[in-house]
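Listed here are the chains, written in short residue letters.
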Amino acid sequence: MTNVMDRFITFLFYRKSLALFLLLSPLLVWLGVVYLGSLFTLLIQSFFSVDSFSGVIKREFTFESYYDLFRQSTNWDIIIRTTTMAFTVTVVSAIIAFPIAYYMAMNAGPKLKPILYLGVMLPLWSSYLVKVYSWKLIMAKEGILTWCLDQLGLLHLLDVVLSIPVIGGTSLSFSYIGMFLVFVYIWLPYMILPIQASLERIPKTLLEASSDLGGGPAQTFRKVILPLAFPGVVAGSIFTFSLTLGDYIIPTIIGNSSYFIGMAVYTHQGTAGNIPLAAAFSVVPIVIMMVYLTIAKRLGAFDAL
Amino acid sequence: MRSKWNLGSIGLKTATLFGFFFIHIPILIIIMYAFSTDEKTFQFPLPGFTTKWFGVAWERNDIWEAIILSSQVAFISTFIAILLGTLASLAVYRSQFFGKEIISFLVILPIALPGIVTGISLRSAMSLFGIPFSTWTIVIAHATFCIVTVYNNVLARLRRSSHSMVEASMDLGANPWQTFRFVILPNIATALLAGGMLSFALSFDEVIVTTFTAGQQSTVPIWMLTEFIRPRQRPVTNVVAVFVILVTTIPILVAYYLTKEDDGRKK
């Protein structure tokens, strides 16, 4: 066996392109056929239509699904609602993440640094569903958040917040505010790490040069650190934006049952059985992401990834 | 030098501290609730502490079935990911060929695009070609997005390891297979293990793509999702949540230490 293996590998060693082909082909077949094939199938199916009487999918080229999608104002509402949520989550995550990332990169000593890094990485990788669920516990009416606010005598503040039209609701776990809070919580580590990485890469000599030239801390921050950290912010925003755009678990578990793109896709393919419309709907986040990535590339985000 | 750039140091420390509270406390709260005597609500402060829900969860067959399915899927997907990811990273490392960038892009795409897109694509393809849903359809989906963790880990290790060892091995008369077996493989072993661990955790926790590619069976996340929407025994769900935290956290910690040690050695 080993002898055969020996000769086979030696044989390949002198035929570089054959070896390359053999090493790469399993991956290319898998991702090319299974993944790209599926994406392509999805795209094709979005140009099919469903017979309104029999419910059978007609395999003929038509723009009917896209026409259906954009004709109804409720679908526009879903797209606008999801994009607005993704955008707000992204901006707020960046604001919260920046000081944390800054502290990790600039202030923390060599002992604290790995602990902080692990402290951000663990929640990023640990169970998504459990994290969402934990907020259901926290925001429940009889739960820990109500209790804490009550102890602090701030319960009326919650009522004020919940009475805000549109974003408020009957309780935190049935409002946009609650949903927003959970989105920020879940994606925050995805924002912290790229910003930290970009701050880490700023040469310290640059900061010294700035102060030698008479720049105060505030000026150095604004003119040197912020512009250099910005690609990191954009890189982080790709995650927060894309993940919010496609998520349907958080709006299902927490929120006021108004529709988001992910939920619409799920419902159209499942209970409604309208795969063409679901497919057309899922093309929307792909297009939004492509536009977003093009802008991000211009802003230099890919150098920070 | 460092103190000079502590812009508003106290404010910064406070913000960081609050940030860390924000990302860690919810996980601790869920662990606490697994010990609550309260059955119906999420009452706080907890009326009492008990460990009986762990026993109740242990007796439940549906939970065992979900755990077994999740483990099977995670093991097979990780195996496929290790195989495909390692071969590809060996090819990309040190060879120049047309489309090299495309490979890296292709590997990242399944996790870069929203999960819902990956899920609906695979589902629509499976239904178009009449493939019945089974454990294997879940495995196909999971392996697709797991490849990236192995690929990235192994490629990063290969780039850091020095090529002179390979040359020395060949100079000393080892054939290519021996060089791979005794030089390259031990060198990338911990990276393989780390990538595999991350891939396992990723698969064990995946829910969005799984809902689209599973039939009637439930993996642990699907089981949990069903319980969130139609709760039967809330404390049991909390116990399973704690179990999932452990199953996903331990591999991540192990992976972290496996790759960190390597950084220390090379620098």
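In every chain, residue numbers begin from 1 and rise along the written sequence. All chains are assigned letters beginning with A, and all ligands numbers beginning with 1, in the order in which they are written. Only residues with pLDDT of at least 70 get local features here, since the model is predicted, and only at 80 or more are side-chain atom pairs given and counted; chain-wide, interface and lining totals rely on the full set of residues. Hydrogen atoms and water are omitted, and side-chain values are computed over all heavy atoms in the structure.

Chain B goes by ABC transporter permease in an unreviewed UniProt entry, where it is assigned to Leptospira ellinghausenii. UniProt positions are given in the numbering used here, feature names are shortened, and annotations may be inferred rather than shown by experiment. Chain B has a UniProt comment under Subcellular location (unreviewed entry) that states "Cell membrane". If you open the UniProt record of chain B and go to Sequence similarities (unreviewed entry), you find "Belongs to the binding-protein-dependent transport system permease family. CysTW subfamily."

Under an unreviewed UniProt entry, the name given to chain A is ABC transporter permease, and the organism recorded is Leptospira ellinghausenii. Entered under Sequence similarities (unreviewed entry) in the UniProt record, the comment concerning chain A runs "Belongs to the binding-protein-dependent transport system permease family. CysTW subfamily." What UniProt records for chain A under Subcellular location (unreviewed entry) is the sentence "Cell membrane".

J.: Explain the packing of helix α2 (residues 16–45) of chain A against helix α6 (residues 135–160) of chain B here, please?
T.: Inter-axis angles, ranging from 0 to 180 degrees, are taken between N-to-C directions of lines fitted to C-alpha atoms, where helices are fitted over the stretch in contact. By the criteria applied, helices consist of DSSP H or I runs no shorter than four residues and strands consist of E runs no shorter than two, each listed in order from the N terminus. Between α2(A) and α6(B), the least distance of the axes is 11 Å, while the angle of their chain directions is 125 degrees. By the angle class used here, α2(A) and α6(B) are oblique. Once α2(A) is placed against α6(B), the crossing between them reads as left-handed. Contacts from Leu27(A), Trp30(A), Leu31(A), Val34(A) and Tyr35(A) in α2(A) reach Ile140(B), Ala143(B), Thr144(B) and Ile147(B) in α6(B). Ten residues, namely Ala, Val, Leu, Ile, Met, Phe, Trp, Tyr, Cys and Pro, are considered nonpolar, four, namely Asp, Glu, Lys and Arg, are considered charged, and the remaining ones, Gly among them, are considered polar. A breakdown of the residues in the contact of α2(A) with α6(B) according to their chemical character gives eight nonpolar, one polar and no charged. Small angles under 35 degrees read as roughly parallel and large ones over 145 as roughly antiparallel, with 65 to 115 read as roughly perpendicular and the rest as oblique. In a left-handed crossing the near helix is turned counterclockwise from the far helix by less than a right angle, and in a right-handed crossing that turn is clockwise. In this analysis, two residues are considered to be in contact whenever any of their non-hydrogen atoms come within 4.5 Å of each other.

J.: What should I look at first to understand helix α13 (residues 261–269) of chain A in this one?
T.: The α-helix advances 3.6 residues per turn, and as a result positions three or four apart in sequence lie on the same side. Judged by how many residues are buried, α13(A) sits mostly within the fold: seven of nine residues are covered. To sort residues, take the accessible area from a 1.4 Å probe on protein chains only and compare it with the maximum for the residue type: under 20% means buried, over 50% means exposed, and anything in between is partly exposed. What α13(A) keeps buried is the set Ile261(A), Gly262(A), Met263(A), Ala264(A), Val265(A), His268(A) and Gln269(A).

J.: Whenever I open this one, helix α9 (residues 176–200) of chain A confuses me. Can you help?
T.: Residues and elements named next belong to chain A. Take the number of residues in a helix, subtract one, and multiply by 1.5 Å to get its expected span. Spanning 25 residues, α9 covers 35 Å between terminal C-alpha atoms, matching the ideal 36 Å at 1.5 Å per step. Remark: the principal bend of α9, roughly 45 degrees, maps to Trp187, with a proline, Pro189, within the next four residues. In terms of residue burial, α9 counts as a mostly covered element, since 21 of its 25 residues are buried. Bend angle per residue: angle between axes fitted to the 7 residues ending at that residue and the 7 residues starting there.

J.: Looking at this model, I keep getting lost on the interface of chain B and chain A. Mind explaining?
T.: How big an interface is tends to be stated in terms of the accessible area lost upon association of its parts. Listed by partner, the interface residues are 87 residues for chain B and 88 residues for chain A. Buried surface area refers to the total accessible area, computed with a probe of radius 1.4 Å, that the two partners give up upon joining, counted for both partners together. Buried area between chain B and chain A, both sides added, is near 8,200 Å², and the carbon and sulfur share of it is 80%. Pairs of N or O atoms are called polar contacts if they sit within 3.5 Å, as long as, within protein, a hydrogen donor faces a hydrogen acceptor (for residues adjacent in sequence, only side-chain-to-side-chain pairs). Counting the contacts that link chain B with chain A gives 10 residue pairs in polar contact (both at pLDDT 80 or more). Residue classes in the side of chain B that touches chain A are distributed as 61 nonpolar, 20 polar and six charged.

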